[in-house]
Amino acid sequence: MNTATLRRKAIFVQSIFFATAAVLILTSIALVLFIGSQGLRLFTTYSPADFFFGTSWNQSTHTYGVIPLLYGSLMTTFLTLLVSVPLAILVAIFMVEVAPAPMRRVMRSTVELFAALPSVIFGLLALTIIVPWVRETFNAPLGKGILPATIVLIFMVQPTIVTITEDAVRTSASSLREACHAVGATRWQMLSGVIIPASRQGILTAVILGLGRAVGETMAVQMVIGNITVRIPKTLTEGATTMPATIVTQLPEAADPQTRSALIMVGFLLLIIAFALILSVRTVTGRSSKKPKAVKAEAPEPVSPDPRDPLRELEREMEAS
Amino acid sequence: MSPQPITDSKQGVVLGQARTNGGMSQIEIEARDFNFFYDNGGFKALKDINLRMPRHQVTALIGPSGCGKSTFLRAINRMHDQTPGTVTQGELLFEGEDINRAEDLIVLRRKIGMIFQRPNPFPMSIFDNVAYGLRLEAQGVRKSEINDRVEQALRDAYLWDEVKDKLRHSGLALSGGQQQRLCIARAIAVKPEVLLMDEPCAALDPIATLAIEELINELVKNYTIVIVTHNMQQAARVSQYTAFFTTDDSRTGQLVEFGHTTDIFTNPKDSRTEDYITGRFG
Amino acid sequence: MASQGLDGGRPLNEVFTGRATRSLRRARIVDRFATGLMWAAALMLVAVLFAVIASLLIAGIPAFSPEFLFTPGTFTNPGIGPQIWCTFYVLFLTLLIVVPIGTGAAVYMSEYARPGKLTNIIRFSTESLASVPSIVYGVFGSIVFLVMMGLGYSILSGSLTLALLNLPLMVRVAEDAIRSVPGSYREASLALAGSKWETTRKVVLPAALPGLLTAIVLTAGRIIGETAPLILTMGTTISPNAYYSLNPLSTGETLAVHIWVIKIIGLPGVPNSQAAADGSAAVLLLMVLVINIFVAYFNTRLERRLRGAAPPPRAGGSKKVGT
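Rules and cut-offs
Residues numbered from 1 in each chain as written. Chains lettered and ligands numbered in written order. Predicted model: local features only at pLDDT ≥ 70, side-chain atom pairs only at ≥ 80, totals over all residues. Heavy atoms only, no water. Helix = DSSP H or I, 4+ residues; strand = E, 2+ residues; numbered from the N terminus. Areas by Shrake-Rupley, 256 points an atom, 1.4 Å probe, with all protein chains shown as cover. Phe/Tyr/Trp six-rings, centres within 6.5 Å; stacked < 30°, edge-to-face > 60°. Buried < 20%, exposed > 50% of the residue type's maximum accessible area, 1.4 Å probe, protein only. Lys NZ or Arg CZ within 6 Å of the ring centre and 35° of its normal. Pairing = 2+ DSSP bridges. Contact = heavy atoms within 4.5 Å. Buried area = accessible area lost by both parts, 1.4 Å probe. Salt bridge = Lys/Arg side-chain N within 4 Å of Asp/Glu carboxyl O. Polar contact = N/O pair within 3.5 Å; in protein donor to acceptor, adjacent residues only side chain to side chain. Nonpolar A, V, L, I, M, F, W, Y, C, P; charged D, E, K, R; others polar. pLDDT = per-residue confidence, 0-100. Core = buried A, V, L, I, M, F, W, Y, C linked by side-chain atoms within 4.5 Å. Axes fitted to C-alpha atoms, helices over the stretch in contact; angles between N-to-C directions. Parallel < 35°, antiparallel > 145°, perpendicular 65-115°, else oblique. Left-handed = near helix turned anticlockwise from the far one by under 90°.

## Concerning the overall build of chain A
If you tally the helices and strands in chain A, you get 13 helices and two strands. When the accessible surface of chain A is split by element, carbon and sulfur atoms take 64% of a total near 14100 Å².

Given below as structure tokens:
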């Protein structure tokens with residue numbers, strides 16, 4: 001083979017690899033383009049104001065107010081994070097600083113398995129355990145609603161928040177642990193006063209990604225929330241809905257184009273939320289990666305200790321004296 | 001300033017004055033047949049160390065890499081407790097009490113502060129860095145007192161003039177040398193008795209190194225300082241006493257020679273010390 | 001002055017008797033309480049996982065029988081044979097699409113891509129796609145594969161959707177695996193005048209194999225558990241004439257979807273639907289557990305290989321011994 005053939009072959013191979021990578025770009029563009037165009041089509045026949053501010057979603061009367069869906073999504077997410085963030089931080093610092101090595105391995109497997117369990121299995125268990133419990137404890141006829149959805153989500157977001165928090169805490173602990181011990185801090189004083197504050201960017205990232213997980217979770221929530229779209233729930237134990245739950249419940253049977261567009265529009269909102277979250281993660285981590293650079297620029301070049309050179313100087317000094 | 005030297009029959013080297021009964025001893029830290037192991041005794045890192053470090057003097061620990069000098073330094077405030085499988089044997093005394101029998105590590109470490117190879121200020125403001133140790137004991141300490149103590153510690157660390165206008169700025173925004181002096185201020189703010197320094201200038205440029213050395217010469221008036229250094233000239237400049245460590249074939253560290261720094265550098269008794277000092281090895 | 005503590009110079013021997021200041025005593029109580037809280041949180045999580053697995057297996061395994069596992073459901077027998085078949089078929093089809101594309105993209109990102117705008121865009125796309133909820137992929141599949149491409153509710157639509165959904169994960173893990181191959185391997189091959197493609201094919205990819213297998217197995221775990229996008233693209237039933245069919249254009253129902261169908265839509269006329277759901281969940285759980293054991297296995301092999309590439313210093317040396 002001559003060089004020209006070789007070069008042509010190399011270019012050909014590289015283009016194939018590039019094409020596979022380009023699938024990622026194309027998918028991103030296509031997601032926005034198709035879901036956006038099909039979703040926004042709703043507004044040719046339906047007023048955006050009624051969509052964004054309407055407090056009832058009822059496909060049989062062609063009412064598509066997104067507020068009950070948004071309310072359910074925000075409420076479940078907020079309540080979930082309220083409990084799961086402190087819990088996950090405790091678990092993460094436990095894994096880094098407290099757990100003996102065998103226990104740490106147990107925790108790691110636990111977190112991995114939690115992440116691997118299919119959401120429909122969480123939903124099934126929530127349906128057979130949490131829903132009856134809510135029904136009896138709160139005297140709720142259905143037992144479904146925001147409360148059981150929140151309880152199951154608390155466990156489902158643990159792997160996301162724990163893993164990222166653990167990484168952040170491990171990094172800051174490795175550089176600060178000795179300094180804390182040397183000043184005579186107790187372990188909790190070290191964790192609460194130095195390590196957790198030092199890890200706040202990583203923890204924030206973990207919370208944002210956990211939030212994304214909670215907002216997007218579909219099956220487990222759909223199975224226990226009741227899927228009531230026509231009104232905003234007044235309590236946490238009456239039927240409610242979230243954005244993904246509404247889509248998966250109604251899209252397969254949505255025959256008329258307007259309902260379809262409305263549901264796709266809800267999907268578009270979810271897409272926008274996902275992109276907004278990833279952008280905020282970028283902002284958070286971007287800030288952190290800029291900081292050390294500024295410090296590095298100020299810090300002088302470290303000098304490697306050379307035991308010999310100073311010696312000669314010492315000898316010279318001694319000879320002189 | 002150095003105390004009346006006496007001769008230790010066992011080591012045959014010059015040591016600080018013997019302890020006096022009742023009052024403050026002249027010997028701050030003493031090792032008696034001290035052995036140190038990693039891996040639950042599987043690896044002997046230090047063998048039969050006998051050493052008496054006098055109060056308010058700088059003792060330099062020198063020797064080739066892997067000779068156990070850092071291990072010894074970190075044993076003094078029990079930093080090894082973090083490492084699973086470390087075992088000690090023999091006695092390591094601080095003011096006559098065995099460090100390894102101390103029940104209260106936190107109190108021990110507040111008495112024996114430490115400065116590390118890399119400056120490691122906390123990611124908080126300069127003020128909060130220095131106040132950190134004080135606030136751990138916040139009960140009964142007034143805010144104005146904390147302010148005073150922070151200022152005093154920063155003055156004692158020769159850092160006050162450089163940072164007094166930016167106490168609320170992040171400690172991480174300082175230069176490497178300033179960060180190390182901030183760490184020293186943080187350590188002395190809680191008024192320890194001993195300062196352990198583990199190659200405090202290894203990551204600094206020559207000018208910052210000089211500043212730290214001047215600071216050490218000043219701090220020694222109030223603190224007993226033990227410093228590990230690779231830099232022979234630095235050992236000669238800052239220390240009154242020098243301990244030379246080396247390893248045998250099994251990589252176990254041992255003390256070869258201990259005495260006045262000038263004696264060690266000008267008139268070493270052991271040929272291994274002489275070889276190292278004159279640069280033939282290590 | 002230097003010898004005085006904050007409390008004004010306690011006698012030194014107090015240092016070792018454990019008699020501490022009041023604030024330190026309080027800090028220690030708080031410390032103990034916080035430690036207890038951390039243990040409680042961690043043990044709670046372990047206990048919940050254990051309870052989840054145990055209750056699923058206890059409820060589900062009694063339903064296991066040859067009829068249950070290998071025959072279609074009827075009015076008297078809640079069999080899941082076709083659903084298990086369909087799960088593996090969807091898994092196979094999806095991997096067939098996602099593995100080559102994902103590996104190719106990973107090779108491009110680790111071996112070919114130069115830092116620049118284009119590479120940044122690909123990376124940003126991957127990150128963004130990874131954060132898009134699976135239901136949104138379902139909506140996308142329903143628009144593009146079902147309607148625009150006219151594939152309708154079908155195993156193919158479902159597999160294509162799942163392939164897109166899992167592409168970011170596959171790329172990320174595979175890229176990590178390829179990047180972990182030491183640069184010296186590449187240099188050795190390039191020095192022998194191997195082309196970049198030959199180097200990649202003969203040296204880099206074989207060396208990255210355990211990591212690539214991890215990527216594939218991880219992706220497989222996600223595929224068999226995925227439900228929401230399939231409901232929107234593959235349907236929720238298998239017609240009796242498509243049982244055990246290889247026709248990618250027929251509708252399908254994986255185990256995960258089946259569990260949902262039983263609990264939410266209900267199997268009309270089947271008396272023992274709870275047993276069917278529990279049995280299906282136990283089968284699904286066992287698959288997930290087996291997959292995780294594989295992941296753990298490949299990870300240890302990968303770690304061992306990486307450690308083999310750079311042997312750690314001996315026991316004492318790995319710790320800090322008086323530098």
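## Regarding the packing of aromatic side chains
Applying the stated criterion across every chain yields a total of 28 aromatic pairs over all chains. Geometrically, the ring pair formed by Phe51 of chain A and Phe52 of chain A is edge-to-face, given 5.0 Å between the ring centres and 85° between the ring planes. Summarising the aromatic geometry, the rings of Tyr38 of chain B and Phe43 of chain B are spaced 6.3 Å apart at their centres and angled 15° between planes, so their arrangement reads as stacked. Both residues of the pair, Tyr38 of chain B and Phe43 of chain B, belong to the buried class. Every member of this aromatic cluster is reached through a ring pair, and the members are Phe43, Tyr46, Phe51, Phe52, Trp57 and Tyr64 of chain A. Directly above the aromatic system of Phe122 of chain B lies the positively charged group of Arg186 of chain B, at a separation of 4.3 Å from the ring centroid.

## Some thoughts on the sheet that holds strand E6 (residues 87-94) of chain B
All names here are of chain B. The ten strands lie next to each other as E7-E6-E3-E4-E12-E11-E5-E10-E9-E8, forming an open sheet whose pairing is mixed. The two strands at the open ends of the sheet, each matched to only one other strand, are strand E7 (97-98) and strand E8 (112-115). Of the strand pairs in this sheet, strand E5 (residues 58-62) and strand E10 (residues 224-228) are connected by four bridges, and their pairing is parallel. For Ala60, the partnering residue across the bridge sits in E10 and is Ile227.

## Details of the interface of chain A and chain C
Contacts between chain A and chain C engage 67 residues on the former and 75 residues on the latter. Among the residues of chain A in contact with chain C, Phe17, Leu24 and Leu124 of chain A are the three that bury the most area, contributing 10% of the side total. Here chain A and chain C share one salt bridge between them. Of the charged contacts in the structure, one is a salt bridge between Arg282 of chain A and Glu127 of chain C, with a shortest N-O distance of 3.2 Å. On the surface where chain A and chain C come into contact, there are eight residue pairs in polar contact (both at pLDDT 80 or more). Contributing elements (two or more residues each) for the side of chain A that touches chain C: helix H1 (3-40), helix H3 (67-98), helix H4 (101-116), helix H5 (119-137), helix H8 (187-198), helix H10 (219-225), helix H11 (243-250) and helix H12 (257-298) of chain A. No other element matches H1 of chain A, which puts 17 residues into the side of chain A that touches chain C. In terms of residue class, the side of chain A that touches chain C is built from 48 nonpolar, 14 polar and five charged.

## Quick look at the pattern of salt bridges
Residues and elements named next belong to chain B. Under the definition given, this model contains 27 salt bridges over all chains. The partner of Arg78 in a salt bridge is Asp81, and the shortest N-O contact between them spans 2.7 Å. Look at Asp81 and you get partly exposed, because its relative accessible area is 36%.

## Observations regarding the pairing of strand E3 (residues 27-38) of chain B
Residues and elements named next belong to chain B. The element E3 is extensively covered by neighbouring structure, given that ten of its twelve residues are classed as buried. In this structure, the hairpin formed by E3 and strand E4 (residues 43-54) is closed by a connection of four residues, where Asp39 is found at a positive phi of approximately 55°. In the sheet, E3 pairs with E6 via seven bridges, with the strands oriented antiparallel. When the bridges of E6 are listed, Ile29 appears paired with Phe94.

## Examining helix H11 (residues 255-265) of chain C
Residues and elements named next belong to chain C. By the criterion of burial, H11 is predominantly enclosed, with eight of the eleven residues buried. Among all positions in H11, only Leu255, Ala256, Val257, His258, Ile259, Trp260, Val261 and Ile262 are buried. At the exit of H11 stands Gly266, carrying a positive phi of roughly 90°.

## Brief notes about the pairing of E8 of chain B
Each regular strand displays side chains that alternate between the two surfaces of the sheet. Residues and elements named next belong to chain B. Burial of the side chains of E8 extends over both faces: Ile112 and Met114 are buried on one face and Gly113 and Ile115 on the other. Alignment of E8 against strand E9 (residues 194-198), held across four bridges, turns out to be parallel. Bridge pairing in E9 links Ile115 to Met197.

## Examining the confidence of the model for chain B
Residues and elements named next belong to chain B. Per-residue pLDDT for chain B has a mean of 85; in total, 89% of the residues score no lower than 70. Confidence drops under a pLDDT of 50 for residues 1-24, and excluding neighbours within four residues, the segment shows 53 contacts in the predicted structure. If you check the scores for this complex, the pTM reads 0.84 and the ipTM reads 0.86.

## Quick word on the nonpolar core
In this structure, Leu31, Ile35, Phe51 and Phe94 of chain A are the most contacted members of the largest nonpolar core, which totals 191 residues. It is helix H3 (residues 81-112) of chain C that provides the largest number of residues to this core, a total of 15 residues. Residue contacts for Phe51 of chain A: discarding those within four places in its chain leaves Leu42, Phe43, Tyr46, Trp57, Tyr64, Gly65, Val66, Ala262, Met265, Val266 and Leu269 of chain A. Membership of the second largest hydrophobic core comes to 47 residues, among which are Ala60, Ile115, Ile126 and Leu215 of chain B.

## With respect to unusual backbone geometry
Even without a glycine there, the phi angle at Asn40 of chain B is positive, about 55°. In this structure, Asn40 of chain B sits in the loop between E3 and E4.

## Observations concerning the side chain of Ser189 of chain C
All names here are of chain C. By secondary structure assignment, the location of Ser189 is in helix H7 (residues 183-191). The exposure class assigned to Ser189 is buried, which follows from its relative accessible area of 13%. If near-sequence neighbours (up to four positions away) are discounted, Ser189 is found in contact with Gly194, Thr199 and Val203.

## Focus: the packing of helix H6 (residues 155-179) of chain C against helix H9 (residues 209-225) of chain C
To describe two helices that pack against each other, one gives the angle between their axes and the distance between the axes. All names here are of chain C. As a packed pair, H6 and H9 sit with axes 8 Å apart at the nearest point and diverge in direction by 155°. As summarised for this structure, H6 and H9 are arranged roughly antiparallel, according to the angle between their axes. For the pair H6 and H9, the crossing hand works out as right-handed. In this structure, H6 contributes Leu162, Leu165, Asn166, Leu169, Met170, Val173, Ala174, Ala177 and Ile178 to the contact, and H9 contributes Gly211, Leu212, Ala215, Ile216, Leu218, Thr219, Arg222 and Ile223. A breakdown of the residues in the contact of H6 with H9 according to their chemical character gives 13 nonpolar, three polar and one charged.

## Looking at the confidence of the model for chain A
Residue and element names in this part refer to chain A. Looking at chain A, the pLDDT average stands at 88 and 89% of residues meet or exceed 70. Predicted confidence in chain A is weakest over helix H13 (residues 308-320), with a mean pLDDT of 42, and strongest over helix H6 (residues 146-156), with 97. Between residues 288-321, whose pLDDT stays under 50, and residues either more than four places distant or in other chains, the model counts 34 contacts.

## Here's the deal with the packing of H4 of chain A against helix H1 (residues 22-60) of chain C
Contact pair H4 of chain A / H1 of chain C: the axes reach a minimum separation of 10 Å and the direction vectors enclose 50°. Taken together, the axes of H4 of chain A and H1 of chain C are oblique relative to one another. In this structure, H4 of chain A crosses over H1 of chain C, and the sense of that crossing is left-handed. Between H4 of chain A and H1 of chain C, the residues in contact are Met103, Val106, Met107, Thr110, Leu113 and Phe114 of chain A and Trp39, Ala42, Leu43, Leu45, Val46, Val48, Leu49 and Ile53 of chain C, respectively. Partitioned by chemical class, the residues of the contact of H4 of chain A with H1 of chain C number 13 nonpolar, one polar and no charged.

## As for the environment of Val48 of chain C
With respect to the helices and strands, the residue Val48 of chain C is situated in helix H1. In the structure, Val48 of chain C is positioned 86 residues away from Ser134 of chain C in sequence and 25 Å away in space, judged by C-alpha atoms. Residues in contact with Val48 of chain C, not counting those within four places in the same chain, are Phe114 and Phe155 of chain A.

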